[in-house]
Amino acid sequence: MKIIRNIGLTIFLICFAVFLSLPFLGKYKLTEKIFTENFKDTEQQKLLKPALKDFFKKEYNSNISFIKDYNKAFDSVNDEFKKNKEWDKVIYDNHVFSIVKNSSQGFVKDNVAILFIICFVISSLGGLMYMIPALFIKPIAGIKNDHIFQRGITNRGIIAFLFAAFLITFYIFIYQKPAYLSNWVLLVDGLSNTLTGTNASQWFLYGFLYCLIMLVMSVRMYIKYRDNNYQLLRTTSVLFFQIAFAFMIPNILTNLQLPYMDFKNIWPLDYSFFFDYRLTELASNGMLGYWMLGWGIFLIIIGVPVMVYFFGKRWYCSWVCGCGGLAETLGDPFRQLSDKSLKAWKYERIIVHSVLVFAVVMTIAVLYTFFTGSSTLLGVDTYAIRQTYSFGIGFMFAGAIGTGFYPVMGSRVWCRFGCPLAAYLGIVQRFKSRFRITTNGGQCISCGNCSTFCEMGIDVRAYAQNGENIIRSSCVGCGICAAVCPRGVLKLENLSEEGRFDAYVRPEEKAF
Amino acid sequence: MKIVIIGNGISGITTARYIRKQSDHEILVISAESDHFFSRTALMYIYMGHMKYEHTKPYEDWFWGKNRIELKNAYIKNIDFDSKKLFTDKGEEIVYDKLVISTGSITNKFDWPGQDLKGVQGMVTKQDVELMEENTVGVTDAVVVGGGLIGIEMAEMLHSRNINVNILVRDNYYWGGILPKEEAELVGRHIAEHKMNLITKSELKEIVGDDKGKVKAIITKDGKEIKCGFVALTAGVSPNISLVKDSKLETDKGVLVNDYLETNIEDVYAIGDCAQFRNPKENHPPVEQLWYTGKMQGRVLANTICGTKTKYDRGIWFNSAKFLDIEYQTYGLMLKNPFDDEDTFYWEHPDGKISMRANFAKVDGSLRGFNFFGIRFKQTVADDWIRNKKNITHCISNLHKGFFDTEFYKSYHKEIVEHFNKVHPKDQAKIAKKKFLVF
Ligand SMILES: Cc1cc2nc3c(=O)[nH]c(=O)nc-3n(C[C@H](O)[C@H](O)[C@H](O)COP(=O)(O)OP(=O)(O)OC[C@H]3O[C@@H](n4cnc5c(N)ncnc54)[C@H](O)[C@@H]3O)c2cc1C
Ligand code: SF4
Ligand code: SF4
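Residues numbered from 1 in each chain as written. Chains lettered and ligands numbered in written order. Predicted model: local features only at pLDDT ≥ 70, side-chain atom pairs only at ≥ 80, totals over all residues. Heavy atoms only, no water.

### Points about the sheet that holds strand β21 (residues 318-323) of chain B
Residue and element names in this part refer to chain B.
- Taken together, 5 strands build an open sheet; the order of strands is β21-β22-β25-β24-β23 and the sheet is antiparallel. Sheet topology places β21 and β23 (342-348) at the edges, where each strand pairs with a single neighbour. Shown here is a sheet whose adjacent strand axes are inclined to one another by a mean of 10°, direction ignored. (Pairing = 2+ DSSP bridges. Helix = DSSP H or I, 4+ residues; strand = E, 2+ residues; numbered from the N terminus. Axes fitted to C-alpha atoms, helices over the stretch in contact; angles between N-to-C directions.)

### Here's the deal with the site of ligand 2
- In the vicinity of ligand 2, the contacting residues are Ile437(A), Cys454(A), Met456(A), Ile458(A), Val460(A), Cys475(A), Val476(A), Gly477(A), Cys478(A), Gly479(A) and Cys481(A).
- Residues of the shell around ligand 2, tallied by class, amount to 9 nonpolar, 2 polar and no charged. (Near = heavy atom within 4 Å. Nonpolar A, V, L, I, M, F, W, Y, C, P; charged D, E, K, R; others polar.)

### Overview of the domain arrangement of chain B
- Looking at the assigned domains, one finds that chain B contains domain 1 (2-106 + 238-305), domain 2 (120-235) and domain 3 (320-423).
- Averaged C-alpha coordinates put domain 1 of chain B and domain 3 of chain B at centres separated by 35 Å. (Domains from an automatic or database assignment.)

### Regarding the sheet that holds strand β1 (residues 2-6) of chain B
All names here are of chain B.
- Spatial strand order, β3-β2-β1-β7-β19: 5 strands in an open sheet with parallel pairing. Of all the strands in the sheet, just β3 (69-73) and β19 (268-270) have a single pairing partner and so form its edges. This sheet shows a mean twist of 20° between the axes of neighbouring strands, independent of strand direction.
- Where strand β2 (residues 26-31) lies against β3, 5 bridges are found, and the strand directions are parallel. Within β3, the position partnered with valine 29 by the bridge is leucine 71.
- Across the sheet, helix α1 (residues 10-22) is in contact with β1, β2, β3 and β7 (98-101); its angle to β2 comes to roughly 170°. (Contact = heavy atoms within 4.5 Å.)

### Describing the interface of chain A and chain B
- In this complex, chain A contributes 62 residues to the contact, which on the side of chain B involves 64 residues.
- Across the interface of chain A and chain B, roughly 5,000 Å² is buried in total on both sides, 47% from carbon and sulfur atoms.
- At the junction of chain A and chain B, the tally comes to 3 salt bridges.
- At the boundary of chain A and chain B, one finds 30 residue pairs in polar contact (both at pLDDT 80 or more).
- Mapped onto the side of chain A that touches chain B, the elements with two or more residues apiece are α13 (229-255), α15 (286-311), β6 (435-439), α23 (449-452), α25 (480-484) and β7 (490-494) of chain A.
- The biggest single contributor to the side of chain A that touches chain B is β7(A), with 5 residues. (Buried area = accessible area lost by both parts, 1.4 Å probe. Salt bridge = Lys/Arg side-chain N within 4 Å of Asp/Glu carboxyl O. Polar contact = N/O pair within 3.5 Å; in protein donor to acceptor, adjacent residues only side chain to side chain.)

### Regarding the domain arrangement of chain A
- Here the domain parsing of chain A yields domain 1 (27-105) and domain 2 (434-510).
- The C-alpha-based centres of domain 1 of chain A and domain 2 of chain A are spaced at 61 Å.

### Brief notes about the nonpolar core
- Counting 125 residues, the largest nonpolar core has Ile79(B), Leu86(B), Leu99(B), Met356(B), Phe370(B), Phe377(B) and Ile396(B) as its most contacted members.
- Beyond its immediate sequence surroundings of up to four residues, Phe370(B) is in contact with Gln329(B), Thr330(B), Tyr331(B), Met334(B), Met356(B), Arg357(B), Ala358(B), Phe377(B), Ala382(B), Trp385(B), Cys395(B) and Leu399(B).
- Phe241(A), Val355(A), Cys415(A) and Ile470(A) belong to the second-largest nonpolar core, a separate cluster that totals 72 residues. (Core = buried A, V, L, I, M, F, W, Y, C linked by side-chain atoms within 4.5 Å. Buried < 20%, exposed > 50% of the residue type's maximum accessible area, 1.4 Å probe, protein only.)

### A word on the side chain of Arg314(A)
- By the secondary structure assignment, Arg314(A) is in helix α16 (residues 314-317).
- At a separation of 3.0 Å, a polar atom in the side chain of Arg314(A) contacts the main-chain carbonyl oxygen of Phe311(A).
- Excluding anything up to four places from it in sequence, Arg314(A) contacts Tyr230(A), Trp319(A), Gln429(A), Phe435(A), Val476(A), Gly477(A), Leu492(A), Glu493(A), Asn494(A) and Glu407(B).

### Side note on the site of ligand 3
Residue and element names in this part refer to chain A.
- Around ligand 3, a shell composed of 13 residues is seen, among which Cys444, Cys447, Gly448, Cys450 and Cys485 lie nearest.
- For the shell around ligand 3, the secondary-structure elements that each account for two or more residues are α23 and α24 (460-464).
- Residue composition of the shell around ligand 3, by class: 9 nonpolar, 3 polar and 1 charged.

### Examining helix α9 (residues 158-176) of chain A
Residues and elements named next belong to chain A.
- The terminal C-alpha atoms of α9, which comprises 19 residues, lie 27 Å apart, in line with the 27 Å expected from a rise of 1.5 Å per residue.
- For α9, the set of buried residues is Ala160, Ala164, Leu167, Phe170, Tyr171 and Ile174. Buried residues of α9, viewed axially, fall in a sector of 125°; they line one side. Opposite the buried face of α9, at more than 90 degrees from it, the exposed residues are Ile158 and Leu162. (Expected span 1.5 Å × (residues − 1). Arc of directions from axis to C-beta.)

### Brief notes about the pattern of salt bridges
- In total, this model carries 51 salt bridges over all chains according to the counting rule given.
- Residue Arg386(A) is joined to Asp276(A) by a salt bridge in which the shortest nitrogen-to-oxygen separation is 3.0 Å. Within this pair, whereas Arg386(A) is found in helix α19 (residues 382-404), its partner Asp276(A) is found in helix α14 (residues 276-283), the two being separated by 110 residues in sequence.
- Looking at Arg386(A), the relative accessible area reads 11%, which means it is buried.
- Accessibility expressed as a relative area gives 33% for Asp276(A), which makes it partly exposed.
- The closest approach of N and O atoms between Glu415(B) and Lys410(B), which form a salt bridge, is 3.4 Å.
- Among the residues examined, Lys410(B) registers a relative accessible area of 47% and is labelled partly exposed.
- The network of salt bridges with shared partners includes Arg220(A), Arg234(A), Glu328(A), Asp332(A), Arg335(A), Arg412(A) and Glu455(A).

### Quick look at unusual backbone geometry
- Note the cis peptide between Trp267(A) and Pro268(A), where omega equals 5°.
- Position of Pro268(A) among the secondary structure elements: in the loop between α13 and α14.
- Unusually for a residue other than glycine, Asn283(B) sits at a positive phi of about 70°.
- Note on placement: Asn283(B) falls in the loop between β20 (275-277) and α7 (291-305).
- Accessibility expressed as a relative area gives 42% for Asn283(B), which makes it partly exposed.

### Re the state of the cysteines
Residue and element names in this part refer to chain A.
- The full count for this structure, using the stated rule, is 0 disulfides over all chains.
- Here cysteine 15 is not cross-linked by a disulfide; its sulfur's nearest cysteine counterpart is in cysteine 119, at 7.1 Å.
- Cysteine 323 takes part in no disulfide bond, and the closest cysteine sulfur to it belongs to cysteine 321, at a distance of 4.3 Å.
- Cysteine 323 gets classed as partly exposed once you look at its relative accessible area, which sits at 27%. (Disulfide = S-S within 2.5 Å.)

### Some words on helix α6 (residues 181-193) of chain B
All names here are of chain B.
- Under the 1.5 Å per step criterion, the end-to-end length of α6 is 18 Å for 13 residues, consistent within 8% with the ideal 18 Å.
- Of all the residues in α6, the buried ones are Glu183, Ala184, Leu186, Val187, Gly188, His190 and Ile191.
- Positive backbone phi, approximately 65°, marks lysine 195, located one or two places after α6.

Structure follows, in structure tokens:
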């Protein structure tokens, strides 16, 4: 069994290495045809063509020099306009991503199908070969957290930092410099065409990878928690919502020329929900568009509070949400790295509620501009607010830090410190909900497993050892604390609101 | 007033915390084991890599300063009760007005030949775990002597490092001195399922070392030799009273205390694992070596020290443990055999890994206690039923009120009720119909 594991790991690592090498492989040659196809504006074509004349003849061996030269040529044209103060001629979009993607030739372009199979199918099988033998090596179901703090990858070793660096780099490129990753995107063009009817963008690749990683890592969850129905159902649920709601449905909508919409993504997590282009798009789609808008607003105003009242924030955070879904699958091996200190909790409350306020302010500003047409609110440029939010929160916090820091700060950095929707759900959970984690009387032995494995950094033990129920706005109801408790002390429950804060006091102790 | 507490375990620390809650007395806690309070019950998880030592500390390090509980890492060598002075092994003097002795336990050793060889140890302290880390390097086979609760933990620890484990027990079954036969067998099967070797009816005669003074085998009383590179001594623990053994303080197995946790010397108290009750409750052990009893005693004693003299009453017995993957919870006094005036009802799942037992009075069927294996059950419910002498039929019918397993778990209530009705045809238990859609 160990051999199978090692073979699986080797296969995975080889496939991963192939995947990593792709952006550096192949040749790049821009032809006039490709150029005109991607720069549809004939006026701009005319302006740019002279500068790109040499470029059209040249074949590049690396996308780095290709992108460099292309940008240089492009900038030289713009610089000229700027120098001459011909502001109306300045070209803002250089379409570098699609230019590079379509100029790719040679190895990658010629072997898209086989590379797709290697990078996504065989690598996944390698991953599964690594995970499935656990069923035979540890044939008896139960909590097996052996060696977690003795291995570098799960205990902030060098390998963990390397992995974090990779994730962060990945996020930076996919958000800011997708052109360099165009060879990866080429691999999923076929799939994208089938689903959406258009070639893939970097976001299609991102969505696809997201689903694939969740799928493979949920197998790990199924194995690890196979005796725990709550975990099995919850994992199935997040996986379903990711694949169906976040990936398939929006892409099919695109194919049908309907507005792209993820029906389970709720403002303010879906911070662009009230952005002008989305509102306009919805408004231009008649009844369906209005229904979509209505659904989004319904979730915010009624869906969230009602569901949280009955089931706690978990209904969303660990049963539906995509960010949560990744955290609960890819992030599960890292959950123990969350900071449980009181200091971290203080920072958490300040930061997460600030983000919520920021999201609300930003949205008000955006809507103000949408309805009044005025681009400033109280003297501040609303577009600038929106850009700051998108960059700072949408990209940096949710992406680069949120996922990139999994191997360093645990799986829910974004959910805990950054997510404005989590803050909103949490406020309801804290003040008006039937949900709680019940403590079983005096059975707690203060061992600390629950706190250690709480991905939200809640010091569960602090409550459990006092016989108190755990009611915390940040608890996402993942149920792992209850799963790892060796004494059966914790249970996630939806009960009557009455007495939810009451600690258990033994009749003998009522005397003092 | 200056209160000095020797031992920073759960009982000493609870006393300190509750004294602080009620008063402004000066508090000093002394321990030679660790700078800060940690959870002894979690020692196994450090070795297994579930946690690091930091995770076993229930309070952050700043907590003590903030609550003005002074901590001192030192070993107390001597006490002069007349002048109310403590002496550390480095010759330092510490005065006290009131003294709490909560020095915990030490591993039982029964003068086995070879018990001090390298690779032979028990597990009570943090240092023991560090030693075990050292002692198990390169070891392929190990013997665990004595199958109590620490024994099964050490077996699991060794197993996590792929070391072959032999468990030597004196009784016919694992923990046969406490568990009823059926439950002991259930655990025994589970041990076997984990490919550990449970050797019953067998006692340790001697431990054999190699020429470097490291253990190489053990020999049982019936002459069997088992090769091993590590021996875990887990034949129980006893009060750690070497500090006061030959002093004015009255001791037996432990430091003798009355129901107020007072010793024979004024202003000196003893609690936790090291204390022994002069008049224990009927059928209750005189020395309570449990986490929660240490906690309760600490709270009671803090009251007394702060002026509200409070009697210690442990209430209805309960406990829990985990045997590898099987959780165990017990409520009420449940020993190997029911008491003479009791009847017993036992149900076991056909897979043989889940079970429940209820003991009840023969005369009126009032519930005396529960054993649960692989089922989590609410203490509040069990405590209430036992306290209020609820009838067994009522309890079996209402088990669902106490089930505490994670949501979506399969409930075995129906099977239990059917079995109960079969073996007790006179009292028919019934499951109340579920109301539809009641949260
Ligand atoms: C491995 C293991 C697992 C356990 N699991 C459970 C469980 O699951 N459930 C349960 O209920 N109970 C369990 N127990 C029992 C429980 O941990 C003890 O009952 C409890 O810790 C006793 O607390 P205490 O405060 O009395 O003593 P301790 O926690 O033992 O503290 C005594 C302290 O005093 C110090 N000390 C002693 N002498 C001196 C001296 N002369 N000078 C300075 N310091 C001194 C010691 O170094 C030690 O730090 C377990 C015990 C062990 C060892
Ligand atoms: S408290 Fe428990 S259920 Fe809540 S987030 Fe932490 S581990 Fe999950
Ligand atoms: S895991 Fe269970 S026993 Fe351990 S501290 Fe948490 S609630 Fe208590």
